[in-house]
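# Descriptive structure summary
Chain by chain, the residues run as shown.
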Amino acid sequence: MRYLSKSIFSVKSLISRKPYFSTMSINLKAPVFAGNPIRSKTPKPTDPFSPTSAFQTLKTLLSGQTQIQEPSSPKFKVLPFRKGRPLAGSTGDSVKKWHLGWLNFVDFKGVLEGSDLKLSDDLLVYLGYESKEEKEHDSVVYWAIDVSESISLVEELGNRQFCFVELRTLMVATDWADDSAMGELAIAGHARALLEWHNTSRFCGSCGEILVPAEAGRRKQCKKDSCNKKIYPRVDPVVIMLVIDKENDRALLSKQSRFVPRMWSCLAGFLEPGESLEEAVRRETWEETGIKVGEVIYHSSQPWPVGPSSMPCQLMIGFFAYATSLEINVDKSELEDAKWHSREEVKKALTFTEYEKAQKTSAYKVDQMCKGVVKGQNVASDFNVESGELASMFVPGPFAIAHHLISSWAHQEQV
């Protein structure tokens, strides 16, 4: 039996007879935070937009050896972050779409003048580039910088109707049909992962000496000559699984105390040393619910840069896991509850219109924040329903791999 469809990120929900549950069509070219448009290929070291060449140009511009101006080719764009939050702005149109707060090099230097942040080349991290072979002068190199130490920059950027927004808020605010917004979200996720890794990886684990950025911030290296250890960005693998009762056509969903009320999701857990992915699926399922698992089938994966700063880039690896036992024994230290749900129950949870409402209200909130009207609020509040019929449960939105695991199973007939 296989539940995988031809396009695992193309889901069309069924139409419910109840008026409150509307149909949804979700077509994603790649999982949220994947499909980064500026990471398509690695340039040659001699290319002007490669990390090595671009970093040398950057150092020259910052050294004072030449007049500070935008390089003719490639052009530089910088995305500031503050406490893990990317700079963002709103288009102000009727749909309230957001965009990243990219600054060209000259504007960025202008913003920094008179601020309490001293710019140096080791603060900037190379993200990638865009290049058109027929128009090399249109090549753009993208950088990220952490400006958390600066207070004055917040007011200066706010005057330009920019603000620093939680990446989770931007994630929920993104229109999944907008390829450009999805690409910007992926870039922001990549940048946050790198910057948070830099912030948490300050000292060598071998000798205790300070680590310094290398290769335009793509790795770090021990400052001590006798050690010289190289450190690369950390990725934390997490297995996430939809456990299936094949005989009774049910799926196991769980909830944690930190979840939004009425939300249920898949089981998940970190991979342990010396463990295969399949073993991790079976162990985590057994530890959290007492359910034994036999066959394990890979579904898809998703980078997840919105976890805690101590784990800035989790890689969610999704599976279908087929249960060989059915009695649930919940580990209350891990979960609040876990239950078997029929296919029809899961379909109703997937057609719940809170996804669309959350996207619209979050996009409006970003617009208001950038105008200085309101401060950020908890994403959970975007799932409150002011009127209408409440569903007994719903599952994470299309920004999460859990949604696609659940919907892939729910909308496929058994074979």
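Notes on the structure follow. (Residues numbered from 1 in each chain as written. Predicted model: local features only at pLDDT ≥ 70, side-chain atom pairs only at ≥ 80, totals over all residues. Heavy atoms only, no water.)

With respect to the helices, strands and loops of the structure, Ile151 is situated in the loop between strand S8 (135-146) and helix H3 (152-158). We classify Ile151 as exposed; its relative accessible area is 61%. Separated by 34 residues in sequence, Ile151 and Leu117 place their C-alpha atoms 8.8 Å apart. The contact partners of Ile151, leaving out residues within four places of it in the chain, are Arg82 and Asp116. (Helix = DSSP H or I, 4+ residues; strand = E, 2+ residues; numbered from the N terminus. Buried < 20%, exposed > 50% of the residue type's maximum accessible area, 1.4 Å probe, protein only. Contact = heavy atoms within 4.5 Å.)

Attention now goes to the layout of surface pockets. Approximately 600 Å³ is the volume found for the second largest pocket. If you trace the second largest pocket, you find 29 residues lining it, with Asn36, Arg39, Leu127, His190 and Leu194 closest to the centre. For the lining of the second largest pocket, the elements supplying multiple residues, two or more each, are strand S7 (124-132), helix H5 (179-200) and strand S17 (314-323). Per element, the largest residue contribution to the lining of the second largest pocket is six residues, and it comes from H5. The residue inventory of the lining of the second largest pocket, partitioned by class, reads 18 nonpolar, seven polar and four charged. (1 Å grid on protein atoms, 1.4 Å probe; cavity = no way out; pocket = protein on both sides within 12 Å on 5 of 7 lines; lining within 4 Å. Points joined across faces, edges and corners; volume = space filled by probe spheres on them. Nonpolar A, V, L, I, M, F, W, Y, C, P; charged D, E, K, R; others polar.)

All right, on to unusual backbone geometry then. Here the phi dihedral of Phe33 falls at roughly 80°; this positive angle occurs in a residue that is not glycine. Note on placement: Phe33 falls in the loop between strand S2 (25-27) and helix H1 (51-63). Since its relative accessible area comes to 6%, Phe33 is described here as buried. Even without a glycine there, the phi angle at Asp249 is positive, about 55°. You can see Asp249 is positioned in the loop between strand S13 (236-245) and strand S14 (250-255).

Here the focus is the pattern of salt bridges. This model, assessed by the stated rule, comprises 16 salt bridges. With a shortest N-O distance of 2.9 Å, Arg250 and Asp245 are connected by a salt bridge. Under the relative-accessibility criterion, Asp245 is labelled buried at 3%. Here Asp367 makes a salt bridge to Lys371, at a shortest N to O gap of 3.3 Å. Salt bridges here are not isolated pairs; linked through shared partners, they connect Glu272, Glu275, Arg283, Glu284 and Glu287. (Salt bridge = Lys/Arg side-chain N within 4 Å of Asp/Glu carboxyl O.)

The next point concerns the sheet that holds strand S10 (residues 211-214). Taken together, the three strands give an open sheet; going across it, the order is S10-S11-S12, and neighbouring strands pair in antiparallel fashion. Across the chains shown, the open sheet's two edge strands, defined by having one partner strand only, are S10 and strand S12 (230-231). Sheet topology places strand S11 (residues 219-222) next to S12; two bridges connect them, and they run antiparallel. Bridging across to S12, Lys220 finds its partner in Ile231. Those strands touched by H5 are S10, S11 and S12, and its axis lies near 15° from that of S11. (Pairing = 2+ DSSP bridges. Axes fitted to C-alpha atoms, helices over the stretch in contact; angles between N-to-C directions.)

What follows is about the state of the cysteines. Under the definition given, this model contains zero disulfides. No disulfide involves Cys227; its sulfur sits 3.8 Å from the nearest other cysteine sulfur, which is in Cys204. A relative accessible area of 26% places Cys227 in the partly exposed class. (Disulfide = S-S within 2.5 Å.)

Moving on: a nonpolar patch on the surface. On the surface, a nonpolar cluster with roughly 260 Å² of combined accessible area is contributed by Phe203, Ile210 and Val212. Looking at the element boundaries, Ile210 is found in the loop between H5 and S10. (Patch = residues over 30% accessible without salt bridge, like charges linked within 9 Å, V, L, I, M, F, W, Y side chains within 5 Å. Areas by Shrake-Rupley, 256 points an atom, 1.4 Å probe, with all protein chains shown as cover.)

It is worth spelling out the nonpolar core at this point. Residues Leu127, Trp143 and Leu242 are the most contacted members of the largest nonpolar core, which totals 93 residues. Grouped together as the second largest cluster of nonpolar side chains are 17 residues, Leu252, Phe319, Val330 and Leu335 included. (Core = buried A, V, L, I, M, F, W, Y, C linked by side-chain atoms within 4.5 Å.)

Of the residues making up helix H7 (residues 343-350), those classed as buried are Arg343, Val346, Lys347, Ala349 and Leu350. Along the axis of H7, the buried positions cluster into a sector of 160°, meaning they face one direction only. Buried positions along H7 lie against S14, strand S18 (337-342), helix H8 (354-370) and helix H9 (401-410). (Arc of directions from axis to C-beta.)

Regular strands show a simple pattern: their side chains alternate between the two faces of the sheet. Of all six residues in S14, five are buried, a share of seventy percent or more. Taken together, the three bridges between S13 and S14 define a ladder with antiparallel strand orientation. Its bridge partner being in S14, Asp245 is matched across the sheet by Arg250. Turn length for the S13-S14 hairpin, with the two strands adjacent in sequence and antiparallel, is four residues, and the turn residue Asp249 shows positive phi of about 55°. Here S14 runs beside S18; their pairing, made up of six bridges, is antiparallel. Across the sheet, Arg250 pairs through a bridge with Ser342, a residue of S18.

None of the figures reported here should be taken as evidence of function without further support.
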